[in-house]
Amino acid sequence: MPLERTTAPRTKVGLVAGGLGAYWPQFPDLLPQLQRSSARVSERMGELGCEVVDVGFISDAQEGAVAAERLREAGCDLIVGFLTTYMTATMLLPIAQRSGAPVLLINLQPTESMDHDTFDTGQWLAYCGACPLPEMANTFMRAGIPFRSVSGYLEDARAWERIERWVKAAGVRAALRKGRHGLMGHLYPGMLDVSTDLTLVPVNFGGHVEVLEFDDLRVRVEKVGDAEVKERIGLAREVFELADTVVPEDFEWAARVSLGLDRLVEDFDLDSLAYYHRGLDGEIHERLGAGMILGASLLTARGVPAAGEYELRTSLAMLIMDRLGAGGSFTELQALDFLRGHVEMGHDGPAHLAISARRPLLRGLGVFHGKRGWGVSVEFDVAHGPVTAFGLIQRRDGRFAFVASEGVTVDGPHLKIGNTTSRVDFGRDPGEWTDAWSASGISHHWALGTGHRIGELKALADLLDVELVEI
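So, a few notes on the structure that sits alongside this text. (Residues numbered from 1 in each chain as written. Predicted model: local features only at pLDDT ≥ 70, side-chain atom pairs only at ≥ 80, totals over all residues. Heavy atoms only, no water.)

Below, the discussion takes up the environment of Glu-249. By the secondary structure assignment, Glu-249 is in helix α11 (residues 248–267). Judged by its relative accessible area of 57%, Glu-249 falls in the exposed class. Put simply, Glu-249 and Arg-40 are 209 residues apart on the chain and 59 Å apart in space, counted from C-alpha to C-alpha. (Helix = DSSP H or I, 4+ residues; strand = E, 2+ residues; numbered from the N terminus. Buried < 20%, exposed > 50% of the residue type's maximum accessible area, 1.4 Å probe, protein only.)

Now for the nonpolar core. By size, the foremost hydrophobic cluster in this structure holds 70 residues, and its most contacted members are Ile-320 and Phe-402. Top element by residues in this core is helix α7 (residues 157–178). It accounts for nine residues. (Core = buried A, V, L, I, M, F, W, Y, C linked by side-chain atoms within 4.5 Å.)

Spatially, β2-β1-β3-β4-β5 is the arrangement adopted by the five strands of the open sheet, whose pairing is parallel. Looking at the sheet topology across the chains shown, the edges are occupied by β2 (51–58) and β5 (149–153). When strand polarity is set aside, the average angle formed by the axes of neighbouring strands in this sheet is 20°. Looking at chain direction, strand β4 (residues 103–109) and β5 are connected through five bridges and run parallel. Opposite Ile-106, over in β5, you have Val-150 as the bridge partner. Each of β1 (12–18), β2, β3 (78–83) and β4 is contacted by helix α2 (residues 30–47), which is oriented at about 170° to β2, the strand it contacts most. Docked against the sheet, helix α3 (residues 61–74) engages β1, β2 and β3, running at close to 170° with respect to β2. (Pairing = 2+ DSSP bridges. Axes fitted to C-alpha atoms, helices over the stretch in contact; angles between N-to-C directions. Contact = heavy atoms within 4.5 Å.)

This part is about the pattern of salt bridges. In total, this model carries 28 salt bridges according to the counting rule given. In this structure, Arg-40 and Glu-43 form a salt bridge, with 2.6 Å as the shortest nitrogen-oxygen distance. A residue pair is termed a helical-turn pair when its members lie 3 or 4 positions apart in one helix, as Arg-40 and Glu-43 do in helix α2 at three residues. Given a relative accessible area of 44%, Glu-43 falls into the partly exposed group. (Salt bridge = Lys/Arg side-chain N within 4 Å of Asp/Glu carboxyl O.)

So, on to the pairing of strand β15 (residues 385–394). Remark: a regular strand shows side chains that alternate across the two faces of the sheet. With respect to burial, β15 is a largely interior element, eight of its 10 residues being buried. With 10 bridges joining them, β15 and strand β16 (residues 400–410) adopt antiparallel strand pairing. Across the sheet, residue Val-387 finds its bridge partner in β16, namely Gly-407. Two elements, β15 and strand β18 (residues 446–450), share four bridges in a ladder whose sense is antiparallel. Across the sheet, the residue bridging to Ala-389 is Leu-448, located in β18.

Quick look at the structure:
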């Protein structure tokens, strides 16, 4: 697909390895072996695509304090402490206290098992990273610091999968803490569930909500040139299959609005966007609102999620899923197919084109149901296979929570009405699933992403200190 993703900053991971310095004169071969293991961990961390700030190997509390200051200054998204052998809690506690970042402790012994018949004490100590783990957990808990760890061996694929999960979660946490989220227009009248207290976004996640007006878009659309429009139409023809209902004038307008949206996102440095404007009698703001779908879908595919109906929490859910590599398309319930056991879900408006089961279709519509205006809309089905429905809840006490459910998108009949529609099999009666999903407190919109992501979402929920409700 000829769409270049917006480049996101790499996750910055601080790495410190350590062991008890009293061992080094007693067992001269031990420290070099542990340092080789530390170098291998640093190499593997780099292979995860993150920026590694490796402050080296510490042997006592004084060196731990120096490492703590270096990691504090680096502004890391995650601190990884590698327990190569026994070490005291006083060596790592200052690092956890001062860094301002979540800490993951890893215990990766050299191989799956010791050679018990030939190992001496020095060789055994290289396998002793598990020994200080309870000490660290006890100290962290008494210090009020969340504790998390991964134990395994140096080339343990399962352990590295868990480590990567924490690294990805830390990257999403950073994206939220540093994110700028656009909110343009006004609430869809009467949708009480989707209204969000804007203060709660930085309170729960960090980041900033930029309140925009449709006039911010209007002035940018007015400056778009005809040559640019022609080029954008060419891009859309590459990305989409066009139905014969697409009206050329509507297509051209959608392309013009798409270019204005790109400038809006660039000028306000946005990482996500939620929007809605009702409009009246074909005036310019109604036409802008009706012309959003093409541009919002192209933005979403590039990694800047855009959601209609002023759905700020869903645009955030889409951002989370996108940064996990799941895509994340704007979704609501459409119908239940009790004959086949499927839940049909999707939405009119923008979609995450990168996770379409086939080349997405651009369909012309003379009426947008429930909204004023007319124009082109996107029709597609999320790629068949494992998927996760994921949304954000705003609790009565002001805290956010996650809700997620894993299923499988499957083949079946689809309506041809210019909507995204996916058939999801959640492995249970669709009516029972719908009741359980609704009872979670979710609003009537969420993100649908590819892959089973609850493991990754659990890690993110831990880092953000939010509840995860699994359906």
